[in-house]
Amino acid sequence: MEKIKIKSSPLPNIPWQTKPKNCSAPVWRYSENPIIKRNPMPNVARIFNSAVIPYNDEFIGVFRGEQRDGISHIYLGHSKDAVNWEYDTEKIPFTDENGSSFMPRYAYDPRIVMIDDTYYIMWCQDFYGASIGIAKTNDFKTFTRLENPFLPYNRNAVLFPRKINGRYVMLSRPCDNGHTAFGDIFLSESCDMEFWGRHRHVMGRSEKWWETLKIGAGPAPIETDKGWLLFYHGVVNTCNGYVYSIGAAILDLDEPSKVLHRCSNYVLAPEMPYEEQGFVPNVCFPCGALTDSETGRIALYYGCADSYVGLAFTTIDEIWDYILKYDSLSLTDTEEGRR
Ligand code: BMA
């Protein structure tokens, strides 16, 4: 019986492998990684930084597919086991609220979340510079774009999977229009998914070397009985460029701009060839997670070296214990984030 309870539906078909005996880390990789290799579709050279969600006893994926012209778009995928995927060869056909085609010029790093039977996809797109796009669907056939939630420049937006205190809540990471050399995670609230406000600072880059440059939220926060578990990416600038690792923190259930616990160690960092070598080396970039409330199992999907998709596993108890063991909070973590 796990100590911490995940508050989601049971998912008996969650992909899973038990922890290897010689593994001392709190998150372990799938032995068949990467699950998506190069040239997965006729016009797509690489799929990476992608998210998945259960749908009708199977799984849906929203995939960042980088086309051979170098432009990323979001492609839909279907899977029975959340490991082997079939893709729609056409990019997701986004429309406006009148049903007319309304395609972003590019779209990357999608996240997906279900709130009250509606699925929301968030991504980074051009809005006179890098900014956040958002669309909703109920059937994965029509995808209606909503008003862009934030001003440019912004990336790494993800909704919480339910309203908190009656309002939708979204994390994001204000940035610049290039390879941003700064960045903290903020939170914004909305009553209607159109007008966003009540902005709060959640957490900043820290003095821990692996996240000294910038951080950004990963998959939708995972609700438990004791707080929201947030996986995020942390970046350090080295003499050979940026290195992206995966961190973990726990946010307050009712006031998620307050960080309850934050792990000073990364929980996964580039060390396998498919993470260290690729189009952009040394990148582990989490965008999706599946959870099983019955067993506490978590399957984490992360982009590898801007070239592949990797899968990794943990349990809620294992990751929770690890975060608490290496807990390290700063003043800006624990304050409500309003100045
Ligand atoms: C970030 C994003 C990610 C990418 C990472 C490493 O700025 O654009 O999509 O994985 O850089 O290139």
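For the structure itself, look to the data block above.
Scanning the protein chain from N- to C-terminus turns up 3 helices and 22 strands. In terms of overall size, the protein chain behaves like a compact globule, its C-alpha atoms giving a radius of gyration of 18 Å where 339 residues would be expected to give roughly 20 Å. Considering only C-alpha atoms, the protein chain reaches an extent of 50 × 45 × 45 Å along its principal axes. Per element, the accessible surface of the protein chain, about 14,400 Å² overall, is 49% carbon and sulfur. For the protein chain, the separation between the mean place of its 35 positive charges and that of its 43 negative charges on side chains is 3 Å.

Quick look at the site of the ligand now. The immediate surroundings of the ligand are formed by Asn 49, Arg 64, Tyr 108, Asp 109, Tyr 244, Val 280, Val 283, Phe 285 and Asp 306. Between an oxygen atom of the ligand and a side-chain N or O atom of Tyr 244, the distance comes to 3.1 Å. Residue Asp 306 places a side-chain N or O atom 2.6 Å away from an oxygen atom belonging to the ligand. Protein chains bury 85% of the 300 Å² of accessible surface belonging to the ligand in isolation.

Counting 33 residues, the largest nonpolar core has Tyr 120, Leu 159, Leu 171, Ile 185, Met 193 and Met 203 as its most contacted members. The greatest single-element share of this core, amounting to 4 residues, is contributed by strand S12 (residues 168–174). With sequence-adjacent residues up to four places away left out, Met 193 is seen in contact with Ile 115, Tyr 120, Ile 134, Leu 146, Leu 159 and Tyr 168.

Attention now moves to the sheet that holds strand S5 (residues 86–87). Strand order in the open sheet formed by 4 strands is S2-S3-S4-S5, with antiparallel pairing between adjacent strands. Both edges of this open sheet fall to strand S2 (44–55) and S5, since each of them pairs with a single strand only. Relative to strand S4 (residues 72–79), strand S3 (residues 58–67) runs antiparallel, the two being bridged by 8 bridges. Bridging across to S4, Gly 61 finds its partner in Gly 77.

The topology assignment puts Trp 85 in the loop between S4 and S5. Along the backbone, Trp 85 and Ala 289 are 204 residues apart, and their C-alpha atoms lie at a distance of 16 Å. Those residues in contact with Trp 85, other than ones at most four positions away along the chain, are Ile 35, Ile 36, Val 52, Phe 59, Ile 60, Gly 61, Phe 63, Gly 77, His 78 and Ser 79. A distance of 3.5 Å separates a polar side-chain atom of Trp 85 from the backbone oxygen of Val 83.

One pass over the structure, following the stated rule, counts 21 aromatic pairs. On the basis of an interplanar angle of 75 degrees and a centroid distance of 4.8 Å, the ring pair of Tyr 55 and Phe 140 is categorised as edge-to-face. Here Tyr 55, found in strand S2, pairs with Phe 140, found in the loop between strand S9 (130–137) and strand S10 (143–145); they are 85 residues apart in sequence, far enough to count as distant. Phe 140 matches Tyr 55 in its accessibility class, with the two residues each being buried. A centroid spacing of 6.0 Å and a plane angle of 65 degrees characterise the contact between Phe 127 and Tyr 128, whose relative ring orientation is edge-to-face. Members of the aromatic cluster, each reached through a chain of ring pairs, are Tyr 55, Phe 94, Tyr 119, Trp 123, Phe 140 and Phe 143.

Moving on, we come to the pairing of S2. Counting buried positions over the 12 residues of S2 gives 11, a clear majority of the element. With 9 bridges joining them, S2 and S3 adopt antiparallel strand pairing. Across the sheet, the residue bridging to Tyr 55 is Glu 58, located in S3. Hairpin connection of S2 to S3: 2 residues between the antiparallel strands, including Asn 56 at a positive phi of 50 degrees.

On to helix H2 (residues 316–325). Those residues of H2 that fall on the buried side of the exposure criterion are Ile 316, Asp 317, Ile 319, Trp 320, Tyr 322 and Ile 323. Contacts from the buried residues of H2 go to strand S16 (222–224), strand S17 (227–238), strand S18 (241–251), strand S19 (259–262), strand S21 (297–304) and strand S22 (308–315).

Attention now goes to a negative patch on the surface. A surface patch of negative charge is lined by Glu 97, Glu 147, Asp 192 and Glu 194. In this fold, Glu 97 is placed in the loop between strand S6 (94–95) and strand S7 (107–115). Here Glu 97 falls in the exposed class, since its relative accessible area comes to 59%.

Attention shifts here to the pattern of salt bridges. Inspection of every chain in the model, using the stated rule, returns 19 salt bridges. A salt bridge links Asp 126 to Arg 105; the shortest N-O distance between them is 3.0 Å. Taken as a pair, Asp 126 in strand S8 (residues 118–126) and Arg 105 in the loop between S6 and S7 lie far apart in primary sequence, 21 residues in all. The class of Arg 105 is exposed, set by a relative accessible area of 63%. Among the ionic pairs, Glu 335 bridges to Arg 339, the shortest N-O distance being 2.9 Å.

Thresholds, definitions, all that
- Residues numbered from 1 in each chain as written.
- Predicted model: local features only at pLDDT ≥ 70, side-chain atom pairs only at ≥ 80, totals over all residues.
- Heavy atoms only, no water.
- Helix = DSSP H or I, 4+ residues; strand = E, 2+ residues; numbered from the N terminus.
- Rg over C-alpha atoms; globule rule 2.2 N^0.38 Å.
- Areas by Shrake-Rupley, 256 points an atom, 1.4 Å probe, with all protein chains shown as cover.
- Lys, Arg positive; Asp, Glu negative; His and termini not counted.
- Charge placed at Lys NZ, Arg CZ, Asp CG, Glu CD.
- Near = heavy atom within 4 Å.
- Polar contact = N/O pair within 3.5 Å; in protein donor to acceptor, adjacent residues only side chain to side chain.
- Core = buried A, V, L, I, M, F, W, Y, C linked by side-chain atoms within 4.5 Å.
- Buried < 20%, exposed > 50% of the residue type's maximum accessible area, 1.4 Å probe, protein only.
- Contact = heavy atoms within 4.5 Å.
- Pairing = 2+ DSSP bridges.
- Phe/Tyr/Trp six-rings, centres within 6.5 Å; stacked < 30°, edge-to-face > 60°.
- Patch = residues over 30% accessible without salt bridge, like charges linked within 9 Å, V, L, I, M, F, W, Y side chains within 5 Å.
- Salt bridge = Lys/Arg side-chain N within 4 Å of Asp/Glu carboxyl O.

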